[in-house]
Every structure is written in structure tokens, then in C-alpha cells.
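# Observations on the model geometry
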Amino acid sequence: MSVNGTDVKTDRAKTDRRIVRTRDTLGDALMELMREKSFDEITVQQILDRAGVGRSTFYTHYRDKDDLFLSDVEDFLKLFSSALTRGGANPKRLAPVAELFTHISEVRDFVGALAASGKIHDVLELGRGFFARSMEERLRMAGATGEPTQLAAQAHALSGSLFALLEWWIDHGMKDDPRAMDALYHRMAWNGISNSPANSKSV
């Protein structure tokens, strides 16, 4: 469709790409600053200066620096939690544990900055929610049976276990191989599901 000689779809796509690029630039600027100072010390103006973005543009997309931070984290978690389903992985893999742990290891300096700023608790809480929703879908794909509320409860418990394991791994210096942690997590997860009263023949 064109209006006055302009392809609306192409124009919208260019606009969308510009929006994504602006949001990415602002998010990257904030992450860089968080490696240098505490979150509380960072100002919106410092983010704008680092990103090369105007104040009016920033407030078109975000309310404040907290909104920018949470939006960036949510985008990351949305992509990571849905990676297995989008990639057509074996349904028995409930979560990309090895991939997540590997990424965390690669950005350990930023994880340290998150911990120092107190923001890591927000990230972990959001992560539990995103991964719970993804795991519920993965359980259905793997043929898990039960009432919807039961599957949702299992998914939330499994997601909580994953992030408890992640916290333990971070606290112990990220020494164990991410692939070993993946195997450990899935072994615990499926043993728990197969041994649960709802899936046993006798209760």
C-alpha cells in the first residue's frame, strides 16, 4: 500500500527499525554505565550523553531509568526463555540451562554490577515469571498431563528451582560446567515430575 507515493509498509518497517535501534542504544548505554558506577548514581542525562540520544526521544519510550532497565531485562528474558521453542528443541529440554549459564559466565562483570546495585533480585524475580510461562508450554509439548492449574504450579516450581540453582552457581564462582548444570537440572526436574503423585499409578 502506498500513500502519496510512499510505501507505508516499508516506511513502517524503517520506523520500527529506528525504534529498536534507539532502544538498543539506550539499553547498551545504561549497561555500560552500570559497570562503572552504582545504579543509584546513574542519571538519565548520563545515559543520554553515552547513547547520543535526545531527552525527548528518551521520554517517548521510557518513564525513567528504572523503566529502561526493566524493559531491557524483559526483552532479554523473553528471548531467552522462548529460545528452545523457537528453535524446535526436544520438548524434554524444559529450559536452555546450559545456554543461560554460559551467557551469565560471559558477562560475569555485569552480574557483579547487578549484585552491587541490588538490581539482581529484580532480574531473578522477572526471570522466574518468564521461564515459568515458557516451561508450562514445554511441559505440554513433552506430553505432561494434568489439570492446567497443576501444570502451571509445576512450571512455577521448576522455574523457581532453576533460578535457585543459578543463584547457587553464581555464589560458588560459576565453576561448574554449564552443560553439567543443565544435565543436573533436567535430571532433578524430570525425576520430580515422574515421581509426583499426579503421575504415579498409585497414590
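A quick note: this is a predicted structure, and the numbers were derived from the prediction, not measured.

### Examining a negative patch on the surface
- On the surface, a cluster of negative charge is made up of Asp24, Asp28, Glu74 and Asp75.
- Residue assignment for the negative patch shows that the elements contributing at least two residues are α1 (8-36) and α4 (65-81).
- Among the structural elements, Glu74 can be located in helix α4.
- Overall, Glu74 belongs to the partly exposed group, its relative accessible area being 33%.

### Examining the packing of α4 against helix α8 (residues 120-141)
- The interhelical angle for the contact between α4 and α8, taken along N-to-C directions, is 35 degrees, at an axis separation of 9 Å. For α4 against α8, the interelement crossing comes out right-handed. Contact with α4, carried on its side by Phe69, Leu70, Val73, Glu74, Leu77, Lys78, Phe80 and Ser81, involves Asp122, Val123, Leu126, Gly127, Phe130, Phe131 and Ser134 of α8 and no other residues of that element.
- Considered class by class, the residues forming the contact of α4 with α8 number nine nonpolar, three polar and three charged.

### Considering the packing of α8 against helix α9 (residues 148-171)
- Close contact between α8 and α9 brings their axes to 7 Å; oriented N to C, the two are set at 130 degrees. On the basis of the axis angle, α8 is oblique to α9. Handedness of the α8/α9 crossing: right-handed.
- Within the contact of α8 with α9, the residues separate by chemical class into 13 nonpolar, five polar and four charged.

### Notes on the packing of aromatic side chains
- In total, this model carries six aromatic pairs according to the counting rule given.
- Between Lys92 and the ring centre of Trp190, over which it is positioned, the NZ or CZ distance is 4.2 Å.
- The ring of Phe130 carries the charged tip of Arg133 above its face, separated from the ring centre by 4.9 Å.

### Some points on the confidence of the model for the protein chain
- Residues at a pLDDT of 70 or more form 88% of the protein chain, whose mean pLDDT is 88.
- Per-residue pLDDT, averaged within each element of the protein chain, yields its smallest value for strand β1 (residues 2-3) (35) and its largest for helix α2 (residues 44-51) (98).
- Below a pLDDT of 50 lies the segment residues 1-12, which in the model reaches eight contacts outside its immediate sequence neighbourhood of four places, other chains included.
- A low-confidence stretch, residues 196-203 (pLDDT under 50), is modelled with seven contacts involving residues beyond four sequence positions or located in other chains.

Each value, and the rule that gives it
- Residues numbered from 1 in each chain as written.
- Predicted model: local features only at pLDDT ≥ 70, side-chain atom pairs only at ≥ 80, totals over all residues.
- Heavy atoms only, no water.
- Patch = residues over 30% accessible without salt bridge, like charges linked within 9 Å, V, L, I, M, F, W, Y side chains within 5 Å.
- Areas by Shrake-Rupley, 256 points an atom, 1.4 Å probe, with all protein chains shown as cover.
- Salt bridge = Lys/Arg side-chain N within 4 Å of Asp/Glu carboxyl O.
- Lys, Arg positive; Asp, Glu negative; His and termini not counted.
- Charge placed at Lys NZ, Arg CZ, Asp CG, Glu CD.
- Helix = DSSP H or I, 4+ residues; strand = E, 2+ residues; numbered from the N terminus.
- Buried < 20%, exposed > 50% of the residue type's maximum accessible area, 1.4 Å probe, protein only.
- Axes fitted to C-alpha atoms, helices over the stretch in contact; angles between N-to-C directions.
- Left-handed = near helix turned anticlockwise from the far one by under 90°.
- Contact = heavy atoms within 4.5 Å.
- Nonpolar A, V, L, I, M, F, W, Y, C, P; charged D, E, K, R; others polar.
- Parallel < 35°, antiparallel > 145°, perpendicular 65-115°, else oblique.
- Phe/Tyr/Trp six-rings, centres within 6.5 Å; stacked < 30°, edge-to-face > 60°.
- Lys NZ or Arg CZ within 6 Å of the ring centre and 35° of its normal.
- pLDDT = per-residue confidence, 0-100.

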